[in-house]
Amino acid sequence: MARGGSEPGAKEKLVGENGRRRGTGPETEARILSVSLDLFADWGFDRVSTRAIANAAGVSVPVLYLYFKDKQDLYLKACVQVFDRNSDILSDAIRQAGTPGQRLFHFVRTLAAILFEDRHLSKLFQRELLQPESGRLRVLARNTFQKSFVTFQDLLDDAQPKNGRHLPAITV
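Report on the accompanying structure. Please read these numbers as outputs of a predicted model, since none were measured by experiment. (Residues numbered from 1 in each chain as written. Predicted model: local features only at pLDDT ≥ 70, side-chain atom pairs only at ≥ 80, totals over all residues. Heavy atoms only, no water.)

Below, the discussion takes up helix α5 (residues 100-117). An ideal rise of 1.5 Å per residue puts 26 Å on 18 residues; α5 measures up with 25 Å between its terminal C-alpha atoms. Those residues of α5 that sit buried are R103, F107, T110 and I114. Relative to the axis of α5, the buried residues are bounded by an arc of 70° and lie together on one face. In this structure, α5 carries F105 and F116 as exposed residues pointing more than 90 degrees from its buried face. (Helix = DSSP H or I, 4+ residues; strand = E, 2+ residues; numbered from the N terminus. Expected span 1.5 Å × (residues − 1). Buried < 20%, exposed > 50% of the residue type's maximum accessible area, 1.4 Å probe, protein only. Arc of directions from axis to C-beta.)

Right under this line is the structure:
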């Protein structure tokens, strides 16, 4: 086996005879998730094959299946990773000090910044909104957006405790 790795200060990775990198379990899984996010964001779920993901990650297709049950599992885990990171940022934005109106303004400003800055989130979210029949958005909403949604509903309660909170929360 040859030794690989060209970045200064980076750990050298073993490279197999087939030219594919061999890394530790968590490192390989993170690399697969990272390249799959790029591919899914750019091409969508249906247009990306597991072979394309494996090739981009420098692993074989069977190795990919050691980490993920199927393409759907990989897609959902990649999305959850991105959406979780941003869900925490949104929840923190809602919890800022200030009046309910100021907190709502801060939430909307933070949401807009996230959508402009995180290409993975904005592209994946848009793709899922355009393909509601897949059911993936429902899974993502349950697993990642629930905390932010509840926090947002609490903000609406603070802003208008007399009115129902569900309609404004759903329409925003």
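That was the structure; now back to the text.
With that out of the way, let us pick up the packing of aromatic side chains. According to the stated counting rule, one finds four aromatic pairs in the structure shown. Both rings, one in F40 and one in F45, keep their centres 6.0 Å apart while their planes meet at 20°; by these two values the pair is stacked. Residues F40 and F45 agree in their burial class; the two are buried. Aromatic ring contacts, followed pair by pair, group F40, F45 and Y75 into a single cluster. When the ring centre of F45 is taken as origin, the NZ or CZ atom of K71, which lies over that ring, is 4.3 Å away. (Phe/Tyr/Trp six-rings, centres within 6.5 Å; stacked < 30°, edge-to-face > 60°. Lys NZ or Arg CZ within 6 Å of the ring centre and 35° of its normal.)

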